[in-house]
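# Commentary on secondary and tertiary structure
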Amino acid sequence: VNQDAGPPQRWRLAVDPDVCISSGVCTGCAPDAFELVGRASRPLRSDVQPQDAILDAALACPVEAISVVEMGTGAVLAPEP
Ligand code: SF4
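Since the model is a prediction, treat every value here as computed from it, not as a measurement. (Residues numbered from 1 in each chain as written. Predicted model: local features only at pLDDT ≥ 70, side-chain atom pairs only at ≥ 80, totals over all residues. Heavy atoms only, no water.)

With respect to the element layout, D16 can be found in the loop between β1 (11–15) and α1 (25–29). When the C-alpha atoms of D16 and E35 are compared, they prove to be 13 Å apart, with 19 residues separating the residues in sequence. (Helix = DSSP H or I, 4+ residues; strand = E, 2+ residues; numbered from the N terminus.)

In structure tokens, the structure reads:
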């Protein structure tokens, strides 16, 4: 057990429905994390375990509608600053 690891990280995931253009990139990259509802994607959960597919999706979003924030630190992982 790594005593320095602390509690497991969580990410806060959000999609801005006013910015999303329904490209389907995120639902294709991370179907377990996003769903298209009507004309916008939305996260299935806002509190998620870190996973590469979610960050890949957020960084691949053509309009940077997806935000990923590390809970605890508040570090913004996406969109890229
Ligand atoms: S990748 Fe971006 S624009 Fe495309 S559906 Fe997801 S949030 Fe919307």
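Side chains of β1 alternate between two faces, with W11, L13 and V15 buried and R12 and A14 left unburied. Sheet analysis places β1 next to strand β4 (residues 47–48), joined by two bridges and oriented antiparallel. What sits directly across from W11, in β4, is V48. With five bridges connecting them, β1 and strand β5 (residues 66–70) associate as antiparallel partners. Note on β5: the bridge partner recorded for A14 is S67. (Buried < 20%, exposed > 50% of the residue type's maximum accessible area, 1.4 Å probe, protein only. Pairing = 2+ DSSP bridges.)

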